[in-house]
There are 2 protein chains.
Amino acid sequence: MTNSISKFPVLGQEALKTAFRMHASGVAIITSKTASGKPIGFTATSVTSLGSTPPLVSFNIARGSSSYEHLVVGQLVAIHTLCAKNLELAQRMAGPKEHRFTQNDFDLHEDVPIFTQASSVLLGRVRDRIEVEANAVVVVDALASTEANDDARPLLYYRRGYLTATERLAENS
Amino acid sequence: MTNSISKFPVLGQEALKTAFRMHASGVAIITSKTASGKPIGFTATSVTSLGSTPPLVSFNIARGSSSYEHLVVGQLVAIHTLCAKNLELAQRMAGPKEHRFTQNDFDLHEDVPIFTQASSVLLGRVRDRIEVEANAVVVVDALASTEANDDARPLLYYRRGYLTATERLAENS
């Protein structure tokens with residue numbers, strides 16, 4: 001341990017980009033519906049647990065996103081975790097909106113699209129939306145899920161690309 | 001596409017656990033200090049970006065955690081992204097508190113411990129703490145970072161163990 005002042009040469013917006021280039025994220029798809037029952041959905045890398053009692057999930061979204069107005073309190077949402085074989089789905093749901101639901105590869109549950117090829121699907125309802133500058137933290141009450149597909153390799157986003165993880169380093173004791 | 005009702009047999013707390021077993025997370029270490037200048041820190045898998053204008057980061061923490069009382073608004077924090085070679089550090093900072101800072105392998109920046117072996121270090125200040133049931137979303141203004149170590153393989157947490165990712169599947173266009 002030294003008491004010297006460390007160097008932090010990258011500032012502001014660039015500091016965030018530089019540091020987060022090295023942060024890997026699990027890739028998820030969030031789906032819901034409009035007031036008239038049309039499907040909406042998008043790829044998200046900010047999904048995280050927010051406690052188990054009660055079971056809560058949060059994700060971040062830009063308030064300027066076309067999906068945001070539909071994610072009102074009480075709205076039903078499906079959070080899909082993705083595995084390596086879902087790569088095309090992740091890319092499609094991050095691409096142009098008009099192509100996201102044209103492949104008829106989903107079921108509907110109360111008008112919310114469900115991609116059963118995902119490694120797991122969690123159903124929940126929006127509990128709160130916490131607006132922070134141009135973004136929002138959406139808090140979801142977890143209600144029910146499918147049985148997870150235990151064979152899956154997880155899909156990750158890291159350094160502007162998709163990858164998967166195969167090398168286990170240690171088990172939690 | 002079928003209009004049939006999908007099956008979601010796992011309920012409540014178990015639903016969250018079942019679904020999130022399949023969600024991989026990047027592993028980070030967050031450090032800060034007590035009011036008397038003593039180091040604090042912990043391993044976190046909930047670190048995510050919350051927009052770039054202004055640059056914001058969020059992470060989740062249990063309000064019952066011993067670190068929580070020190071993460072007051074304005075407090076300086078260091079968010080370290082980790083790579084595969086930081087496995088021991090991730091395990092140590094998730095283990096007993098009395099062993100976390102005994103190895104003298106960190107610098108100090110305004111009394112905040114900095115692990116320069118991390119793949120990147122982002123300095124910021126707590127902007128807000130949003131309490132949700134027994135947990136809180138901590139929002140941090142990103143201020144400055146180190147240059148990232150571009151050779152790193154990211155450290156991940158998935159299915160109760162640590163792993164790393166080496167297989168790139170696709171680049172973002």
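Residues numbered from 1 in each chain as written. Chains lettered and ligands numbered in written order. Predicted model: local features only at pLDDT ≥ 70, side-chain atom pairs only at ≥ 80, totals over all residues. Heavy atoms only, no water.

As a further point, take the overall build of chain A. A tally of regular secondary structure across chain A gives two helices and 13 strands. Principal-axis analysis of the C-alpha atoms gives chain A an extent of 60 × 40 × 35 Å. Every one of the 173 residues in chain A was classed for burial, and the buried ones make up 58%. Accessible surface computed for chain A: about 7,200 Å², of which carbon and sulfur atoms make up 49%. (Helix = DSSP H or I, 4+ residues; strand = E, 2+ residues; numbered from the N terminus. Buried < 20%, exposed > 50% of the residue type's maximum accessible area, 1.4 Å probe, protein only. Areas by Shrake-Rupley, 256 points an atom, 1.4 Å probe, with all protein chains shown as cover.)

Here the focus is helix α1 (residues 12-20) of chain B. Burial in α1(B) covers these residues: B:Ala15, B:Leu16, B:Thr18, B:Ala19 and B:Phe20. For α1(B), the elements touching its buried residues are β5 (48-52), β6 (55-62), β7 (76-81), β10 (120-132) and β11 (135-145) of chain A together with β1 (10-11) of chain B. (Contact = heavy atoms within 4.5 Å.)

In the case of a regular strand, side chains alternate between the two sheet surfaces. Residue and element names in this part refer to chain B. Judged from the six bridges that link them, strand β7 (residues 76-81) and strand β10 (residues 120-132) form a sheet pairing that is antiparallel. Bridging across to β10, Thr-81 finds its partner in Ser-120. For β10 and strand β11 (residues 135-145), the ladder comprises 10 bridges, and the chain directions are antiparallel. Of the residues in β11, the one forming a bridge with Arg-125 is Asp-141. Turn length for the β10-β11 hairpin, with the two strands adjacent in sequence and antiparallel, is two residues, and the turn residue Glu-133 shows positive phi of about 50°. (Pairing = 2+ DSSP bridges.)

Turning our attention to the relation of the copies chain A and chain B. Each copy of the sequence occupies a distinct position, and chain A is placed on chain B by a rotation of 180° and an axial shift of 0.0 Å, giving an RMSD of 0.0 Å. Taken together, these values place the two copies in the relation of a two-fold axis. Across chain A, the rotation axis passes nearest the C-alpha of A:Ala165, at a separation of 1.9 Å. Most of the interface of chain A is mirrored in chain B: 100% of its interface residues are interface residues there too. (Least-squares fit on C-alpha atoms with pLDDT ≥ 70 in both.)

Attention now goes to the interface of chain A and chain B. Taken together, the 94 residues of chain A in the interface contact 94 residues of chain B. Taken over both partners, the interface formed by chain A and chain B buries close to 8,200 Å², and the fraction arising from carbon and sulfur atoms is 60%. Here chain A is connected to chain B by four salt bridges. Where chain A packs against chain B, one counts 31 residue pairs in polar contact (both at pLDDT 80 or more). Across two bridges, the pairing between β11(A) and β1(B) is antiparallel. Paired with A:Ser145 across the two strands is B:Val10, which belongs to β1(B). (Buried area = accessible area lost by both parts, 1.4 Å probe. Salt bridge = Lys/Arg side-chain N within 4 Å of Asp/Glu carboxyl O. Polar contact = N/O pair within 3.5 Å; in protein donor to acceptor, adjacent residues only side chain to side chain.)

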